[in-house]
Amino acid sequence: GAGVSQSPRYKVAKRGQDVALRCDPISGHVSLFWYQQALGQGPEFLTYFQNEAQLDKSGLPSDRFFAERPEGSVSTLKIQRTQQEDSAVYLCASSLGPGTSGTDTQYFGPGTRLTVL
Amino acid sequence: TQLLEQSPQFLSIQEGENLTVYCNSSSVFSSLQWYRQEPGEGPVLLVTVVTGGEVKKLKRLTFQFGDARKDSSLHITAAQPGDTGLYLCAGSTNDYKLSFGAGTTVTVRA
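The model shown is predicted, which means the values in this text are computed figures rather than measured ones.

S.K.: Help me understand the state of the cysteines, please; the structure alone is not making it clear to me.
M.R.: Think of a disulfide as a covalent bridge from one cysteine sulfur atom to another cysteine sulfur atom. Counted according to the given criterion, the structure contains two disulfides over all chains. Disulfide pairing is shown between C23 of chain A and C92 of chain A; the S-S distance is 1.9 Å. Here C23 of chain A and C92 of chain A share a disulfide; its torsion about the S-S bond, -65°, makes the bridge left-handed. Taken together, the positions of C23 of chain A in strand β3 (residues 19-24) and C92 of chain A in strand β9 (residues 88-95) put the pair 69 residues apart, joining distant regions of the chain. In terms of burial, C23 of chain A and C92 of chain A fall into one category: buried. In this model, C23 of chain B is linked to C89 of chain B through a disulfide, with the two sulfur atoms separated by 2.0 Å. Between C23 of chain B and C89 of chain B, the S-S dihedral sits near 80°, and the bridge is therefore right-handed.

Next comes the structure, spelled out in C-alpha cells:
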C-alpha cells in the first residue's frame, strides 16, 4: 500500500504483559515518529527516528517503553510490563525529509489501540 | 501537558451553517498545522501556516495564523456532513516535534 500501516490494529493485554507494536512507514521516508493518543486527547510525541538513528526519545513515559528502527524502515514500539495507564492509541507517522524544514508533512498510520486489563 | 488549547471542545451544527475553531497558546511557534482525524484513523494534514498573519483558503476552509504566531483559527463556511470529524491543531517550535491540542469534535447534522 502507499500509506503508513500499523499492526496489530487492536491489542488487548493483561497487566504485566509485554507488547510489540509494528509500523511500516511509506517507502523511502527518512523520518519516523511515534505518538500516544489517550482517549479524548490529541497525540503526544513519544520518539523520533531519522533513518535508523533514534534522535529524540524525550517523550517516552518510562523505561518500560522502547522503540527501534534497525534498518531505517520498519519500526517497533515495545512496552514491557504493561500498566493500565498505557491504554491508548499508538500512532506512527513518517515524513520524507529529515524534518529540518519544520514543515515536512507527517503521514499518519491508522494507529494501534492498546487496552490493558 | 499540551501547549495548545483548542476551543470549543465540541461543536454540533446544522448543515449549511458556519463554524470557527480556535487554537491558542502562550508559546510562539515556527509553524502551525491543522489536521482532521476520523474515528479509527490517523490524523490527516489539512494545512500548514508559517507566517504571522497568514491566511490560507482551502475550498470552504479558511485558516489564519495570528500575527504573533501564538494562535490560529479554522473557519468552515456552509458546513457539510462530510466535514464531521476531530479537528486538531499542532505547533512546531523546532525542526520536527509537533505539540498537538486536545482537538475539537465537530458534528454536522444533515
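Further notes follow.
S.K.: It is not clear to me how the interface of chain B and chain A should be interpreted in this structure. Could you clarify?
M.R.: Reports of interface size often rely on the accessible area that becomes lost once the parts have come together. On the chain A side, the residues contacting the 24 residues of chain B number 24 residues. Linking chain B with chain A are one salt bridge. In this structure, K97 of chain B engages D56 of chain A in a salt bridge whose closest nitrogen and oxygen atoms are separated by 3.3 Å. Our enumeration of links across chain B and chain A arrives at seven residue pairs in polar contact (both at pLDDT 80 or more). Those elements that place two or more of their residues in the side of chain B that touches chain A are β4 (31-37), β5 (44-49), β9 (85-92) and β10 (98-100) of chain B. Per-element accounting of the side of chain B that touches chain A gives the leading share, four residues, to β4 of chain B.

S.K.: Explain the sheet that holds strand β8 (residues 75-79) of chain A here, please?
M.R.: The strands making up a sheet associate through hydrogen bonds between their backbones, and the pairing can be parallel or antiparallel. All names here are of chain A. With antiparallel pairing, the four strands of this open sheet are ordered in space as β1-β3-β8-β7. Each edge of the open sheet is held by one strand with a lone partner, namely β1 (5-7) and β7 (65-68). Averaged over all neighbouring strand pairs, the angle between strand axes comes to 15°, with direction disregarded. Direction of pairing for β3 relative to β8: antiparallel, over a ladder of five bridges. In the strand pairing of β8, A20 is matched with K78.

S.K.: Got a minute to help me understand the pairing of β9 of chain B in this structure?
M.R.: Look at any regular strand and the pattern is simple: side chains alternate between the two faces of the sheet. Residue and element names in this part refer to chain B. Most of β9 is tucked away, with eight of its eight residues classed as buried. Two elements, β4 and β9, share seven bridges in a ladder whose sense is antiparallel. Residue pairing across strands places R36 opposite Y87, the latter belonging to β9. Bridge analysis of β9 against strand β11 (residues 104-109) gives three bridges, and the strand direction is antiparallel. Across the sheet, L86 pairs through a bridge with T105, a residue of β11.

About the cut-offs
Residues numbered from 1 in each chain as written. Chains lettered and ligands numbered in written order. Predicted model: local features only at pLDDT ≥ 70, side-chain atom pairs only at ≥ 80, totals over all residues. Heavy atoms only, no water. Disulfide = S-S within 2.5 Å. Helix = DSSP H or I, 4+ residues; strand = E, 2+ residues; numbered from the N terminus. Buried < 20%, exposed > 50% of the residue type's maximum accessible area, 1.4 Å probe, protein only. Contact = heavy atoms within 4.5 Å. Salt bridge = Lys/Arg side-chain N within 4 Å of Asp/Glu carboxyl O. Polar contact = N/O pair within 3.5 Å; in protein donor to acceptor, adjacent residues only side chain to side chain. Pairing = 2+ DSSP bridges. Axes fitted to C-alpha atoms, helices over the stretch in contact; angles between N-to-C directions.

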